[in-house]
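Here is how the chains run, residue by residue.
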Amino acid sequence: MSGDRNEDPYGWDERVKAWEEVEATDAFQAIRDRVCELAEPRAGDRVVDLGAGLGLLALELAPRVAQVVAVDISQRMLEQLELRAAAEGVENVLPLAADLRKLPLEDSSVDLVVSSYAFHHLDDPGKELALAEARRVLVPGGRLVVADMMFSLSLEPRDRRLVLEKVVAIARRGPAGLLRIARNAGRLLAGRWEHPTSPEVWERMLVDRGFDAVRVELLAHEAGLAVARRPAATGAEAPARGARAAASGR
Ligand SMILES: C[S@@+](CC[C@H](N)C(=O)[O-])C[C@H]1O[C@@H](n2cnc3c(N)ncnc32)[C@H](O)[C@@H]1O
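Residues numbered from 1 in each chain as written. Predicted model: local features only at pLDDT ≥ 70, side-chain atom pairs only at ≥ 80, totals over all residues. Heavy atoms only, no water.

**Things to note about the pattern of salt bridges**
As enumerated under the stated definition, the model contains 18 salt bridges in all. Across the pair Glu 133 and Arg 136 runs a salt bridge whose closest N-O atoms are separated by 2.8 Å. Of this pair, Glu 133 and Arg 136 both sit in helix H5 (residues 124-137), three residues apart, which is roughly one turn of the helix. Taking relative accessible area as the criterion, Glu 133 reaches 12% and is therefore assigned buried. (Salt bridge = Lys/Arg side-chain N within 4 Å of Asp/Glu carboxyl O. Helix = DSSP H or I, 4+ residues; strand = E, 2+ residues; numbered from the N terminus. Buried < 20%, exposed > 50% of the residue type's maximum accessible area, 1.4 Å probe, protein only.)

Structure (structure tokens):
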């Protein structure tokens, strides 16, 4: 699947350069490090990075695991990711142009799913579809670590503080910043703004999609990290494995 403008309303194909600057900031390097720490990567892990972009997570995890599938809707992001991987001598990252809401991956084929700053581009039903896909492709007991903007446009004190901080930071950039605020307000009114979601909604979505060991960790700024696990094999699944072992004579 290529980066179709209808499915990529923010035009990520055109934002490669801008994103290079953002992901190089201390805040994003700290998010990357914390995701990798919480993910507890193991040498045999098959990993999927959802909305991999230029490879912030994928390229960091690749040397520590068996394979990383880097999924992104933007073909140009993936092309840059491939160039970076080649420059770094990383050979176990597979770029996959696809929508997070419909992963062309087999059931129970992945040990670890990670993601950074991709989910707020999906509305909440879209996030739930992507989480259901993540659970489907994870093996029983497989892990999920997602970093994203975690706040909502509510009157709660944390939400109000974060929105105000964002507006002030953008306004400080002068006329260009003010123009951006006006554009964002227009997008918000047109229902095309990004879709950050509160920590409480993240927890509920993960539980509703059948994850367990769910917890959310908030960072100092807008970011939060959701950690969860696909439940280990149930009693119903376990005998099937035993039956296979018996059939193979073990
Ligand atoms: C803000 S960038 C984050 C990139 C990278 N994870 C990082 O942290 O540097 C968001 C990425 O998500 C991708 N994306 C947005 N919506 C998507 C979707 N529905 N399916 C797949 N990728 C998507 C964009 O193309 C973009 O590369």
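That shown, we press on.
**So, the side chain of Arg 32**
Along the polypeptide, Arg 32 turns up in helix H2 (residues 26-39). Judged by its relative accessible area of 16%, Arg 32 is buried. Setting aside chain neighbours within four positions, we find Arg 32 in contact with Leu 56, Leu 57 and Glu 60. (Contact = heavy atoms within 4.5 Å.)

**A few points about the pairing of strand S4 (residues 110-116)**
Consecutive residues of a regular strand have side chains that alternate between opposite faces of the sheet. The buried fraction of S4 amounts to seven of the seven residues, a majority that puts the element mostly inside the structure. With four bridges connecting them, strand S1 (residues 46-50) and S4 associate as parallel partners. Residue Val 48 lies in a different strand from S4, and its bridge partner there is Val 113. In the sheet, S4 pairs with strand S5 (residues 138-149) via six bridges, with the strands oriented parallel. Across the sheet, residue Ser 116 finds its bridge partner in S5, namely Ala 147. For the segment spanning S4, H5 and S5, crossover handedness is right-handed. (Pairing = 2+ DSSP bridges. Right-handed = clockwise from strand over helix to strand, strands pointing away.)

**Things to note about the packing of aromatic side chains**
The relative placement of two aromatic rings is captured by the distance of their centres and the angle of their planes. Under the counting rule described, the total for this entry stands at four aromatic pairs. With a centroid separation of 5.6 Å and 85° between ring planes, the pair formed by Trp 12 and Trp 19 is classed as edge-to-face. Look at Trp 19 and Phe 28: their rings are 5.2 Å apart centre to centre, the planes differ by 85°, and that puts the pair in the edge-to-face class. The structure contains a cluster of three or more aromatic residues connected by ring pairs, namely Trp 12, Trp 19, Phe 28 and Tyr 117. The ring of Trp 12 carries the charged tip of Arg 15 above its face, separated from the ring centre by 4.1 Å. (Phe/Tyr/Trp six-rings, centres within 6.5 Å; stacked < 30°, edge-to-face > 60°. Lys NZ or Arg CZ within 6 Å of the ring centre and 35° of its normal.)

**Some points on the site of the ligand**
Near the ligand there are 20 residues, and of these Trp 19, Gly 51, Asp 72, Leu 100 and Ser 116 occur at the shortest range. Contacts to the ligand include Asp 72, whose side-chain N or O atom sits 2.5 Å from an oxygen atom. In this structure, Leu 100 approaches the ligand through a main-chain N or O atom, which is 3.1 Å from a nitrogen atom. A total of 590 Å² of accessible area belongs to the ligand in isolation, and the protein chains cover 98% of it. Tallied by class, residues from the shell around the ligand come to 11 nonpolar, five polar and four charged. (Near = heavy atom within 4 Å. Polar contact = N/O pair within 3.5 Å; in protein donor to acceptor, adjacent residues only side chain to side chain. Areas by Shrake-Rupley, 256 points an atom, 1.4 Å probe, with all protein chains shown as cover. Nonpolar A, V, L, I, M, F, W, Y, C, P; charged D, E, K, R; others polar.)

**Brief notes about the packing of helix H1 (residues 16-23) against helix H4 (residues 75-88)**
Relative orientation of the contacting elements H1 and H4 amounts to 55°, with a least axis distance of 10 Å. When the axis of H1 is compared with that of H4, the two are oblique. In this structure, H1 meets H4 at a crossing whose hand is right-handed. Contact with H1, carried on its side by Val 16, Trp 19, Glu 20 and Glu 23, involves Arg 76, Met 77, Gln 80 and Arg 84 of H4 and no other residues of that element. Counted by class, the contact of H1 with H4 contains three nonpolar, one polar and four charged residues. (Axes fitted to C-alpha atoms, helices over the stretch in contact; angles between N-to-C directions. Parallel < 35°, antiparallel > 145°, perpendicular 65-115°, else oblique. Left-handed = near helix turned anticlockwise from the far one by under 90°.)

**Concerning the environment of Val 48**
Looking at the element boundaries, Val 48 is found in strand S1. Once you skip the residues sitting within four places of it in the chain, Val 48 turns out to touch Val 69, Val 71, Leu 105, Val 110, Leu 112, Val 113 and Val 114.

**Examining the pairing of strand S2 (residues 67-72)**
Burial analysis of S2 places five of its six residues in the buried class, the great majority of the element. The pairing of S1 with S2 spans five bridges and is parallel. For Asp 49, the partnering residue across the bridge sits in S2 and is Ala 70. Tracing the backbone out of S2, into H4 and back to the parallel element strand S3 (residues 93-97) gives a crossover that is right-handed.

The analysis is restricted to geometry; functional conclusions fall outside its scope.
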